[in-house]
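One letter stands for each residue in the lines below.
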2 protein chains.
Amino acid sequence: MKLTPKGQATRRRIVDGAAEYLRGTEPGAVTLDDVLAVTRTSKGQMFHYFPGGKEELLLAVAQEEADRVLIDQEPHLSDLGTWEAWTAWRDSVVARYHAQGRSCPLAALMDQVSSTPGAAEVVTELLRQWRARIEAGVVTMQDAGRISADLDAARVASAFVAGIQGGVQVLRATGSTDQLEAVLDLLIDYLRKA
Amino acid sequence: MKLTPKGQATRRRIVDGAAEYLRGTEPGAVTLDDVLAVTRTSKGQMFHYFPGGKEELLLAVAQEEADRVLIDQEPHLSDLGTWEAWTAWRDSVVARYHAQGRSCPLAALMDQVSSTPGAAEVVTELLRQWRARIEAGVVTMQDAGRISADLDAARVASAFVAGIQGGVQVLRATGSTDQLEAVLDLLIDYLRKA
């Protein structure tokens, strides 16, 4: 669906409002009527922008949460050209997930839309972009001679993404960021020694 | 409940049968009657061993799946005293999760019992034991002078657990073991250089 600028703004207002509301409650318990009330949207408007109803709206919110994962790591994630930047990025990742704690808006949404077409791509694309930005950082450091050119930047980036995912998963299970910090510190230490 | 040896054997037969059945289907779609039929258990017997019904049975199966996660990594995981053992362990972890692919019996069960008392402890305890065994391996290598004594073995073990969790999570999302392999290889390479 091609939207006018005004239509895009309205759609964005609905998604933003729904995202904020869903962050404070269990997505599984939320009805479309709740979202209509919170975002002050009429049913007709909602189905104009989200013909697929609740599932399509939740998927749009999941996409926004996925975008936010990367945005929250900026400006560091796109600028990993010095060791200071790597440390600042590491701290921003830990702070983000520390603040989030056991709850993970994106995971809660994915549980709801797991069988919706396009849902898997939201996560796959997030992981792909995340990896690409870390890889770009490693390459920048290699070009500057700060990391050995022998390292496979793509593989290093994959290890970081896996480590962060796992650290967050452990955080959600145990409430502690220890593992997330351990894996980030070890991998950065690995880069420093390479 | 204190069980006689015969009672323990019966309980085990039910859990094993249910575990095998649940590996081939969606736990959410399974009824207690299905499990009774598959395990040839009477309703009276089932409630004798699992007074809490389906939830208690699923939790027992989750515990068995959690135990299996560690058992599948043996004999390597408890014997990480040489680099060959670390490589063999790494290969066994990758092979296990490669065979499992996108499905994860433990995660599927945890989705079902997430609000059951004791469910969180199944995962927390699994992660704790996993970390402890890796830590013991690092300490053994340090005692043998193969890894620098300066490394914090507990922290290294935490990084491995986080890395594996994340690698498996990415595998479940994308179907690829690349990230799991990348993070294991990097962390082992880190140990070799330390």
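Numbering of residues starts from 1 in each chain and follows the order in which that chain's sequence is written. Lettering for chains starts from A, numbering for ligands starts from 1, and both go in the order in which the items are written. Where local features are concerned, this predicted model is filtered to residues with pLDDT of at least 70; where side-chain atom pairs are given and counted, the filter is 80 or more; whole-chain, interface and lining totals use all residues. Each side-chain value is worked out from all heavy atoms of the structure, with water and hydrogens disregarded.

The name given to chain A in an unreviewed UniProt entry is AcrR family transcriptional regulator, and the organism recorded there is Promicromonospora sukumoe.

**Student:** How would you explain the UniProt feature "domain: Tetracyclin repressor-like C-terminal" (unreviewed entry) in chain A if you had to name every residue and give the values?
**Tutor:** The sites that UniProt annotates as "domain: Tetracyclin repressor-like C-terminal" (unreviewed entry) are residues 94-184 of chain A. Each helix is a run of DSSP H or I of at least 4 residues and each strand a run of E of at least 2, with the numbering of both proceeding from the N terminus. As annotated, residues 94-184 of chain A comprises 77% helix and 0% strand, and the C-alpha atoms at either end are separated by 9 Å. UniProt positions are given in the numbering used here, feature names are shortened, and annotations may be inferred rather than shown by experiment.

**Student:** With reference to specific residues and values, describe the pattern of salt bridges.
**Tutor:** Residue and element names in this part refer to chain B. Criterion for a salt bridge: a side-chain nitrogen of Lys or Arg within 4 Å of a carboxyl oxygen of Asp or Glu. A complete count under the given rule lists 26 salt bridges over all chains for this structure. Across the pair E65 and R23 runs a salt bridge whose closest N-O atoms are separated by 2.8 Å. Taken together, the residues E65 in helix 4 (residues 54-71) and R23 in helix 1 (residues 5-23) connect sequence positions 42 residues apart. Here K43 makes a salt bridge to D33, at a shortest N to O gap of 3.5 Å.

**Student:** Please provide a residue-by-residue account of the interface of chain B and chain A, values included.
**Tutor:** Counting residues at the interface gives 30 residues for chain B and 30 residues for chain A. Buried area: the accessible surface (1.4 Å probe) lost by two parts on joining, summed over both. Buried surface at the junction of chain B and chain A, summed over both partners, amounts to about 2,400 Å²; 63% is from carbon and sulfur atoms. Together, Q179(B), L186(B) and Y190(B) form the three largest contributors to the area buried by chain B at its contact with chain A, with a combined 26%. Counting every contact that joins chain B to chain A gives two salt bridges. N or O atoms closer than or at 3.5 Å make up a polar contact, with two conditions inside protein: a donor-capable atom paired with an acceptor-capable one, and, for residues adjacent in sequence, both atoms drawn from side chains. For the pair chain B and chain A, the interface holds four residue pairs in polar contact (both at pLDDT 80 or more). Elements supplying a minimum of two residues to the side of chain B that touches chain A: helix 7 (119-143), helix 8 (153-174) and helix 9 (178-193) of chain B. The residue inventory of the side of chain B that touches chain A, partitioned by class, reads 13 nonpolar, nine polar and eight charged. A contact between two residues is defined here by any heavy atoms of the two lying within 4.5 Å. Polar here means any residue other than Ala, Val, Leu, Ile, Met, Phe, Trp, Tyr, Cys and Pro, which are nonpolar, and Asp, Glu, Lys and Arg, which are charged; Gly is therefore polar.

**Student:** Describe the relation of the copies chain B and chain A, listing the residues and the values that go with them.
**Tutor:** What relates the pair of chain copies is a rotation about an axis plus a shift along that axis. The two copies are related by a screw motion: chain B maps onto chain A through a turn of 180° and a shift of 0.1 Å along the axis, at an RMSD of 0.0 Å. Such values leave the two copies arranged in the relation of a two-fold axis. Taking the C-alpha atom as reference, chain B places G166(B) closest to the rotation axis, 1.7 Å from it. When you check the interface residues of chain B against chain A, 100% turn up at the interface there too, and the contact is symmetric in its surfaces. What sets the superposition is a least-squares fit of C-alpha atoms, and only residues with pLDDT of at least 70 in both copies go into it.

**Student:** Kindly report on the nonpolar core, identifying the contributing residues and their values.
**Tutor:** Working definition of a nonpolar core: buried Ala, Val, Leu, Ile, Met, Phe, Trp, Tyr and Cys residues. They are joined through side-chain atoms within 4.5 Å. In this scheme, a residue with accessible area under 20% of its type's maximum is buried, one over 50% is exposed, and one in between is partly exposed, where area comes from a 1.4 Å probe on protein chains only. W86(A), W89(A), W130(A), W86(B), W89(B) and W130(B) are the most contacted members of the largest nonpolar core, which totals 134 residues. If sequence neighbours within four positions are ignored, W86(B) has contacts with L80(B), I134(B), G137(B), V138(B), M141(B), F160(B), I188(B) and L191(B).

**Student:** Before we move on, can you summarise the packing of aromatic side chains with the specific residues and values?
**Tutor:** All names here are of chain B. In summary, the pairing rule links any two rings of Phe, Tyr or Trp, Trp by its six-membered ring, whose centres are within 6.5 Å, and it sorts them by plane angle into stacked for under 30 degrees, edge-to-face for over 60 and tilted for everything else. Going through the model one piece at a time under the given rule, you end up with six aromatic pairs over all chains. Considering the side-chain rings of W86 and W89, the 5.7 Å spacing of their centres and the 85° angle between planes classify their relative orientation as edge-to-face. Of this pair, W86 and W89 are both found in helix 5 (residues 83-100), three residues apart, which corresponds to roughly one turn of the helix. The same class applies to W86 and to W89, which are both buried. Centre to centre, the rings of W86 and F160 are 5.6 Å apart; their planes meet at 50°, and the pair counts as tilted. Residue W86 is located in helix 5, and its partner F160 is located in helix 8; the two are separated by 74 residues in the primary sequence.

**Student:** Can you lay out unusual backbone geometry for me, pointing to particular residues and giving the numbers?
**Tutor:** Trans peptide bonds make up the majority, and among non-glycine residues the majority have a negative phi. All names here are of chain A. Along the chain, E74 connects to P75 via a cis peptide bond; the corresponding omega equals 5°. Among the structural elements, P75 can be located in the loop between helix 4 (54-71) and helix 5 (83-100). Its identity as a non-glycine residue notwithstanding, R40 has a phi of 50°, on the positive side. With respect to the helices and strands, the residue R40 is situated in the loop between helix 2 (32-39) and helix 3 (43-49).

**Student:** Residue-level account of the packing of helix 6 (residues 105-113) of chain B against helix 7 of chain B, with values.
**Tutor:** Residue and element names in this part refer to chain B. As a rule, the C-alpha atoms of each element are fitted with a line to give its axis, helices using only the stretch in contact, and angles between N-to-C directions run from 0 to 180 degrees. Between helix 6 and helix 7, the least distance of the axes is 9 Å, while the angle of their chain directions is 150°. On the basis of the axis angle, helix 6 is roughly antiparallel to helix 7. Contacts between helix 6 and helix 7 involve L106, M110 and V113 from the former and A119, A120, V123 and L126 from the latter. Within the contact of helix 6 with helix 7, the residues separate by chemical class into seven nonpolar, no polar and no charged. For classification purposes, an angle smaller than 35 degrees is called roughly parallel, one larger than 145 roughly antiparallel, one from 65 to 115 roughly perpendicular, and anything else oblique.

**Student:** Any details on the packing of helix 7 (residues 119-143) of chain A against helix 8 of chain B? Residues and values, ideally.
**Tutor:** At their nearest, the axes of helix 7 of chain A and helix 8 of chain B sit 9 Å apart, and the two run at 130° to each other. By the angle between their axes, helix 7 of chain A is oblique relative to helix 8 of chain B. Relative to helix 8 of chain B, helix 7 of chain A is oriented so that their crossing is left-handed. Packed against helix 7 of chain A, whose contacting residues are V123(A), T124(A) and L127(A), the element helix 8 of chain B presents V170(B), A173(B) and T174(B) at the interface. When grouped by side-chain class, the residues that make up the contact of helix 7 of chain A with helix 8 of chain B number four nonpolar, two polar and no charged. Less than a right angle of anticlockwise turn of the near helix away from the far helix marks a crossing as left-handed, whereas a clockwise turn marks it as right-handed.

**Student:** Quick one: what's the story with the domain arrangement of chain A, residue by residue and with numbers?
**Tutor:** All names here are of chain A. An automatic or database domain assignment supplies the start and end points of every domain. One can read the domain layout of chain A as domain 1 (5-60) and domain 2 (62-193). Once you take the C-alpha centre of each, domain 1 and domain 2 turn out to be 28 Å apart. In this complex, domain 1 contributes twelve residues to the contact, which on the side of domain 2 involves 16 residues. The tally of links from domain 1 across to domain 2 stands at two salt bridges. R12 is the partner of E64 in a salt bridge, and the nearest nitrogen-oxygen pair spans 3.2 Å. If you look at where domain 1 meets domain 2, you find eight residue pairs in polar contact (both at pLDDT 80 or more). Taken together, the elements giving at least two residues each to the side of domain 1 that touches domain 2 come down to helix 1 (5-23) and helix 4. In terms of residue count, the dominant contributor to the side of domain 1 that touches domain 2 is helix 1 (six residues).

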